[in-house]
Amino acid sequence: MVDVDMFENVPIIFGGDYNPEQWPEEEWQTDINKLKSANINAATINVFSWSIIEPRQGEYHFEMLDKIVSLLKKNDFNIIFATSTGAIPFWISKKYPQVSRVDVNGVRQVQGKRHNACPNSPIFRRLAGELVYKLAERYSDEKNLVAWHVSNEYEGYCYCDICTEKYREWLKQKYNSLSKLNKAWNSNFWSHTINNWDEIYPPMMTTDLFSNGKSVLGGAEIDYREFQTDSLLNNFILERNIIKKLDKKHPITTNFMGSQKDLDYFKWAPELDIISWDSYPQPDSEPSENAMEHDLMRGLKRKPFILMEQTPNQQSWHSYNKIKRPNEMRMLSYQAIAHGANSINFFQLKQSRSGAEKFHGAVLTLGSENRTRTYRETKQLGEELKKLPKELLNTCSQAKVAIVFDWKSYWGIENSIGPVANFNYVSEVQKFYKPFYDNGIPVDIVSNSTQLNQYKIVVAPVMYMWNSNFTQNIKHYVANGGTFLTTYLSGIVDENDNIFVGGYLAPLKEVLGIRIDERDTRSINDAIEIIKKGKAIGKASGVCDLVIKEGAKEIAHYSDEVFYSDYSTLTVNNYGKGRSYYCGASLDGKGIQNLVNTICDNVRLPIFNEKKEQVEMVERITSMHRYFFVINTQDKSVAIKNPLPGSFDILGGKNVGSVLNLGPFDVLILSKKKG
């Protein structure tokens, strides 16, 4: 793999997607002049150009690409070169209709849209490989090339006959025999016993999915999701390997989409030279939600990443698409850098005139492009990014807290029928991320296979699916002095979605010192108070476990509003040299904050942001310096205590005092030598 420091000979990459195929050639230089004036120094090109490059099979036309590459080089733009395989041209759909995907309802795509090719189609793989070879052969030696961008935002599944046959082959390799498969899926349920391999079909609306999209056999659903993850990953690997045969200098990536559900990114991460992702917060997202997504992307390799896309102003696909308020884009850009981004890129550099993205934000609009507020703010940000020291980009978080994010638990719990409807795994993880974020405590988001000894606290929220390796990892971590917290709906099933013989939490009964035989579920209107030392510390709704202590000590219990008030809600247990905590109910923010504060106090983890002024504080550290990002995430001014006395504000170019006065969405980057 190419080293993560992909931009060692260039300034911080500040650019975005440019689509010259949508514009007359005579406008390209004018666009570039305006972008240069806004301090843009990079362009991602060729994301969706397959039908122009290869209008008929085997007939390649590179005139347009040659011209735009030449123009970008002439203007000293760095180039991120995409492979164009994210959407197939119409001639493929017409000539090879079996290449098009079949959806979960059994309907084959005729043509159009994107993500429209079956990942297991040998014809698609061959045609995509031929295209990528031609591109790498022609452009890999371009001096302004800085990275390859394979396909675009991989997502979605296919349910065609080819995928069905490949799925059966995949299952044969995994289980070796039908008896092992039937045991794993517990397929005697509802007469689902498999007697021949050709009886196996993907879980879809015409086979084993209910109207709510959930499947009868959880194990089959988990396996199909993993199979499709592998199938799409194999597409990426195919293109990557072709490029690497011709180009061993430039890193290769593809743009991820945060905590999206379809693909297990921890499985993908080792195959990428550097992680990149597209950040599009919901219009009403809290700053902590976007911060967690950045930390998840950084956690895939525990290294810096590329922010491949964000909108410079507004998105276009929500019910209501809010424009970013003054300085909000700047704030979100620095939030990305604070959490590990080493580049800032936009979708898009120039607004589309028509099509599905014509209302999506852009640096250049179709009106007074270089007089808009968005343009002015982009230009200001570009000027500031030039001031960032190169050393900063070689730093990363040194977190002492890890939160385990597990795609199989994500798939499994959201597929389950019960104990509550419309369960949202990502939202539940966010509940336990937010109190650390509010306290200014950095967090790594890690997989269930990550070695944990470097962390003071490990949190595994809603770790529904448990395997033996993770069990041993946690036992070793706690026994050697670690502090572990897990929650309701954790330790429920094995990796095939079967409830453990021995009951809920069976793998960790020793570590947690508790037992659970029953759980209640309550609506938000039926929330109950949680009592700690005679005082209410918060309320619980959703899942409420009736926790029975078997060696653990009680921290809090349910109030006498319910018959199970003598059951515990929060517990702690000593195991070896460490401690394990259990949160048995879906607490409100106040309750979770109380629990997290208790744990942080016990491990003496310093809290940077005690007043919770909606000011985010994130640190990136080098061998020589501490860089402290102070980010006002709100649209109003605030004054706070300086968390790094005696420091220098890089963006402001001045030393700062004991009090920091921050304007709306303001950002300071404080620098101080270590020691």
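Structure: above.
Here the structure is a predicted model, which means the values were calculated and not measured. (Residues numbered from 1 in each chain as written. Predicted model: local features only at pLDDT ≥ 70, side-chain atom pairs only at ≥ 80, totals over all residues. Heavy atoms only, no water.)

### As for unusual backbone geometry
Point 1. The omega torsion of the bond from Phe-347 to Gln-348 falls at 10 degrees, within 30 degrees of zero and hence cis.
Point 2. Within the secondary structure layout, Gln-348 lies in the loop between strand S9 (341–346) and helix H12 (373–385).
Point 3. Note the cis peptide between Gly-418 and Pro-419, where omega equals 0 degrees.
Point 4. In this structure, Pro-419 sits in the loop between helix H13 (407–415) and helix H14 (425–438).
Point 5. Phi angles above zero are rare outside glycine, and Asn-46 is one such case at about 70 degrees.
Point 6. Mapped onto the elements of the fold, Asn-46 is located in the loop between strand S2 (42–45) and helix H2 (50–53).
Point 7. Notably, His-115 is not glycine yet its phi reads approximately 50 degrees, a positive angle.
Point 8. Turning to its location among the elements, His-115 is positioned in the loop between helix H4 (90–95) and helix H5 (122–139). (Helix = DSSP H or I, 4+ residues; strand = E, 2+ residues; numbered from the N terminus.)

### A closer look at the sheet that holds strand S21 (residues 615–621)
Through backbone hydrogen bonds, the strands of a sheet pair up, either in parallel or in antiparallel fashion.
Point 1. Spatially, five strands are ordered S21-S22-S27-S24-S25 in an open sheet, and the strand pairing comes out antiparallel. This sheet does not close on itself; its edge strands, each paired only once, are S21 and strand S25 (654–655). (Pairing = 2+ DSSP bridges.)

### Focus on H13
Point 1. Among the nine residues that make up H13, nine are buried, leaving the element largely enclosed by the rest of the structure.
Point 2. Among the residues of H13, those classed as buried are Trp-407, Lys-408, Ser-409, Tyr-410, Trp-411, Gly-412, Ile-413, Glu-414 and Asn-415.
Point 3. Contacts made by the buried residues of H13 are with helix H8 (218–246), helix H9 (265–268), helix H10 (287–299) and H14. (Buried < 20%, exposed > 50% of the residue type's maximum accessible area, 1.4 Å probe, protein only. Contact = heavy atoms within 4.5 Å.)

### Details of the side chain of Asn-342
Point 1. If you trace the backbone, Asn-342 turns up in strand S9.
Point 2. When its relative accessible area of 12% is taken as the criterion, Asn-342 is described as buried.
Point 3. Only 3.1 Å separates the side chain of Asn-342 from the side chain of Arg-620, close enough to count as a polar contact. (Polar contact = N/O pair within 3.5 Å; in protein donor to acceptor, adjacent residues only side chain to side chain.)

### Let's talk about the sheet that holds strand S7 (residues 276–278)
Point 1. Spatial strand order, S1-S9-S8-S7-S6: five strands in an open sheet with parallel pairing. Two strands in the sheet have a free side with no partner beyond their single neighbour: strand S1 (13–16) and strand S6 (255–256).
Point 2. Pairing between S1 and S9: four bridges, direction parallel. By the bridge assignment, Gly-16 is partnered in S9 with Phe-346.
Point 3. The strands touched by helix H11 (residues 328–338) are strand S8 (305–309) and S9; relative to S9, the strand with the most contacts, the crossing angle is about 145 degrees. (Axes fitted to C-alpha atoms, helices over the stretch in contact; angles between N-to-C directions.)

### Things to note about the pairing of strand S22 (residues 625–632)
Point 1. For S22, a buried count of seven out of eight residues is recorded, marking the element as mostly surrounded by other parts of the structure.
Point 2. Note: S21 against S22, seven bridges, orientation antiparallel. Of the residues in S22, the one forming a bridge with Val-615 is Asn-632.

### Brief notes about the pattern of salt bridges
Point 1. Applying the stated rule across the entire model yields 38 salt bridges.
Point 2. Its salt-bridge partner being Asp-262, residue Arg-225 comes within 4.0 Å of it at the nearest N-O pair. Of this pair, Arg-225 sits in helix H8 while Asp-262 sits in the loop between S6 and H9, placing them 37 residues apart in sequence. Comparing Arg-225 with Asp-262, the two get one shared label, buried. (Salt bridge = Lys/Arg side-chain N within 4 Å of Asp/Glu carboxyl O.)

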